[in-house]
Amino acid sequence: MPRRVTLRAPMTTDLATIDRIETEALEALGQTAEEAGLEAWRIAWLGSKGKLKSLMAGMKDCSPEDRPAFGQRMNALKKSLEAAFKERKNQSAPAAGPPLDVTEPGDAAGQGRRHVLARTIDEVVDVFSRMGFTVAQGPEVEDEYHNFIALNMPESHPAREPGDNFFLEGGGMLRTQTSTVQIRVMENTPPPIRVISPGRVYRPDTHDATHYSMFHQVEGLWVDQGVTLVDLKATLIQFARTYFGPDADVRMRPSFFPFTEPSAEVDIRMPVRGKMQWVELGGCGMVDPNVFKAVGYDPEVWTGYAFGLGIERIAMRKYGIPDIRWLFENDARFLRQF
Ligand code: DAH
């Protein structure tokens, strides 16, 4: 802040008073820094109603013989203040280039977030973990034995046609279902078994709003003695109510899968943008005895259920995402919303 100076118009030609005023003015100027302060000083001292002007008005009170000396001194004062102002202004102006405020906060780096599908998988896994399931992983590059044969899908099964699979040169294939992990787990672990396995699967579908050549499933497998359909349905209901809320429900519609007998489609009644709706989420059933035989479990002793749910289905319905392709375009403006 410029120092406040009270000035009386001098009644005399006292040159010493003018010296004192000059000192005062220069001191005040020395204490201004910002643009606004400098401008206030200029108006106060050099402005059309400034102190210099009112000092000048004292001229008329001078005796005629003092008047030249007074006038000269006043001119010198004006020049001195103007020069001092100009210099001060130059000092405070930036040397060159745009003004740079080094105290301004930088651009936010932008925080990343989990992809909506990764989050959905985490949430689903979390619910099943609390029911005692552990997570198993299997390879995405598979062989036909684990993808088909051990799952009771004979050579003649239509799902094994080249047009429905990504077969690899030199053998092997991209897995079309996470059911492969059932086989891999049972091959390596004696019963009882309680695992879920989330992961990517691949099918050569033409991309459209509901199809993509890669998507995600979560597989579930429970093997023990005396496991029944009731256990299967109870587990799915428990999952549905924990994940989607107490009003959620499960419907099983008779169906066919080679690796379960009996088999069913799983529908879950879940909130779809606030309204309860039945959504087809996957398949399930009681593990087929042929599958147990393939992994060396005695089907007379062991029983089990299995299920497979679509992760995209869950996320798309839950969040009202109308097009599966949006999930894989990596457009941050879209993904940021979840
Ligand atoms: N693998 C089946 C599919 O991709 C889904 C499925 C159905 C998994 C029944 C299962 C099951 O474990 O028991 O369409």
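Residues numbered from 1 in each chain as written. Predicted model: local features only at pLDDT ≥ 70, side-chain atom pairs only at ≥ 80, totals over all residues. Heavy atoms only, no water.

**Student:** How should the pattern of salt bridges be read in this particular structure?
**Tutor:** Think of it this way: side chains of opposite charge can pair up when their charged atoms draw near. Counted by the stated rule, this structure contains 20 salt bridges. The salt bridge partner of Arg 200 is Glu 140, with a shortest N-O separation of 3.4 Å. Of this pair, Arg 200 sits in strand β4 (residues 193-202) while Glu 140 is found in the loop between β1 (134-135) and β2 (141-142), placing the two residues 60 residues apart along the sequence. Residue Arg 200 is classed as partly exposed on the basis of its relative accessible area of 36%. Classification of Glu 140 by relative accessible area gives partly exposed; the value is 26%. By sharing partners, the salt bridges in this structure join Arg 251, Arg 253, Asp 267 and Glu 280 into a single network. (Salt bridge = Lys/Arg side-chain N within 4 Å of Asp/Glu carboxyl O. Helix = DSSP H or I, 4+ residues; strand = E, 2+ residues; numbered from the N terminus. Buried < 20%, exposed > 50% of the residue type's maximum accessible area, 1.4 Å probe, protein only.)

**Student:** Got a minute to help me understand unusual backbone geometry in this structure?
**Tutor:** The omega torsion across Pro 191 and Pro 192 is 0°, close enough to zero to call that bond cis. Within the secondary structure, Pro 192 sits in the loop between α7 (180-188) and β4. Here the bond from Glu 261 into Pro 262 is cis, since omega is -5°, no more than 30 degrees from zero. In this structure, Arg 273 takes a positive phi of about 45° despite not being glycine. With respect to the helices, strands and loops of the structure, Arg 273 is situated in the loop between β7 (260-272) and β8 (275-287). The exposure class of Arg 273 is exposed, given its relative accessible area of 66%. Positive phi, close to 55°, is recorded for Asn 330, a residue that is not glycine.

**Student:** Explanation requested: the nonpolar core in the structure shown.
**Tutor:** Across soluble globular proteins, nonpolar side chains show a tendency to be buried alongside one another. In terms of nonpolar packing, the biggest core is built from 48 residues, with Phe 239, Phe 244, Ile 268, Tyr 305, Phe 307 and Leu 327 touching the most fellow members. If we skip the residues at most four places from it in the chain, Phe 244 touches Phe 239, Ile 268, Met 270, Pro 271, Leu 281 and Ile 314. Listed in part, the 22 residues of the second largest apolar core include Ala 136, Val 223, Val 287 and Tyr 297. (Core = buried A, V, L, I, M, F, W, Y, C linked by side-chain atoms within 4.5 Å. Contact = heavy atoms within 4.5 Å.)

**Student:** What is the right way to look at the pairing of strand β6 (residues 249-257) in this model?
**Tutor:** Here is the key point about a regular strand: its side chains alternate between the two faces of the sheet. By the bridge criterion, eight bridges tie β6 to β7 in an arrangement that is antiparallel. By the bridge assignment, Pro 254 is partnered in β7 with Ala 264. Count of turn residues in the β6/β7 antiparallel hairpin: two residues. (Pairing = 2+ DSSP bridges.)

**Student:** Looking at this structure, how should I read the layout of surface pockets?
**Tutor:** The gaps left among the atoms become clear once a water-sized probe is rolled over them. There is about 1,200 Å³ of room inside the largest pocket. Along its surface, the largest pocket is lined by 46 residues, and Arg 203, Phe 215, Gln 217, Gly 282 and Arg 313 are the ones closest to its centre. Counting residues per element, the ones that place at least two in the lining of the largest pocket are β5 (214-224), β6, β7, β8, β9 (303-310) and α10 (311-319). With six residues, β8 is the largest single contributor of residues to the lining of the largest pocket. Taken together, the residues of the lining of the largest pocket sort by class into 21 nonpolar, 16 polar and nine charged. For the second largest pocket, the calculated volume is near 190 Å³. Lining of the second largest pocket is provided by His 115, Leu 117, Ala 118, Ile 121, Gln 137, Glu 140, Pro 198, Gly 199, Arg 200, His 216, Leu 327 and Phe 328. Taken together, the elements giving at least two residues each to the lining of the second largest pocket come down to α5 (116-130) and β4. For the lining of the second largest pocket, the per-class residue count stands at six nonpolar, four polar and two charged. (1 Å grid on protein atoms, 1.4 Å probe; cavity = no way out; pocket = protein on both sides within 12 Å on 5 of 7 lines; lining within 4 Å. Points joined across faces, edges and corners; volume = space filled by probe spheres on them. Nonpolar A, V, L, I, M, F, W, Y, C, P; charged D, E, K, R; others polar.)

**Student:** What should I look at first to understand the site of the ligand in this one?
**Tutor:** Surrounding the ligand, one finds 15 residues, the nearest of these being Gln 177, Ser 179, Arg 203, Gln 217 and Glu 219. Within the side chain of Arg 203, one N or O atom sits 2.9 Å away from an oxygen atom of the ligand. In isolation the ligand has 360 Å² of accessible area, and contact with the protein removes 90% of it. In a pocket analysis with a 2 Å cut-off to the grid points, the ligand is assigned to the largest pocket. For the shell around the ligand, the secondary structure elements donating two or more residues are β5, β8 and β9. Looking at the shell around the ligand residue by residue, the classes come out as five nonpolar, eight polar and two charged. (Near = heavy atom within 4 Å. Polar contact = N/O pair within 3.5 Å; in protein donor to acceptor, adjacent residues only side chain to side chain. Areas by Shrake-Rupley, 256 points an atom, 1.4 Å probe, with all protein chains shown as cover. Sits in = over half its atoms within 2 Å of the grid points.)

**Student:** Even after reading the chapter, I still don't get a negative patch on the surface, so can you show me in this structure?
**Tutor:** A contiguous patch of negative charge on the surface is contributed by Glu 161, Asp 164, Asp 205 and Asp 208. As for its position among the elements, Asp 205 is in the loop between β4 and β5. Overall, Asp 205 belongs to the partly exposed group, its relative accessible area being 31%. (Patch = residues over 30% accessible without salt bridge, like charges linked within 9 Å, V, L, I, M, F, W, Y side chains within 5 Å. Lys, Arg positive; Asp, Glu negative; His and termini not counted. Charge placed at Lys NZ, Arg CZ, Asp CG, Glu CD.)

**Student:** Teacher, can you tell me more about the packing of aromatic side chains here?
**Tutor:** Note on aromatic pairs: each is described by the distance of the centres and the angle between the planes. Counted according to the given criterion, the structure contains 17 aromatic pairs. A centroid spacing of 4.7 Å and a plane angle of 70° characterise the contact between Tyr 243 and Phe 244, whose relative ring orientation is edge-to-face. Taken as a pair, Tyr 243 and Phe 244 share a single burial class, namely buried. A network of ring pairs unites the aromatic residues Phe 128, Phe 133, Trp 222, Phe 239, Tyr 243, Phe 244, Tyr 305 and Phe 307 as a single cluster. Against the face of Trp 45 rests Lys 51, its NZ or CZ located 4.6 Å from the ring centre. (Phe/Tyr/Trp six-rings, centres within 6.5 Å; stacked < 30°, edge-to-face > 60°. Lys NZ or Arg CZ within 6 Å of the ring centre and 35° of its normal.)

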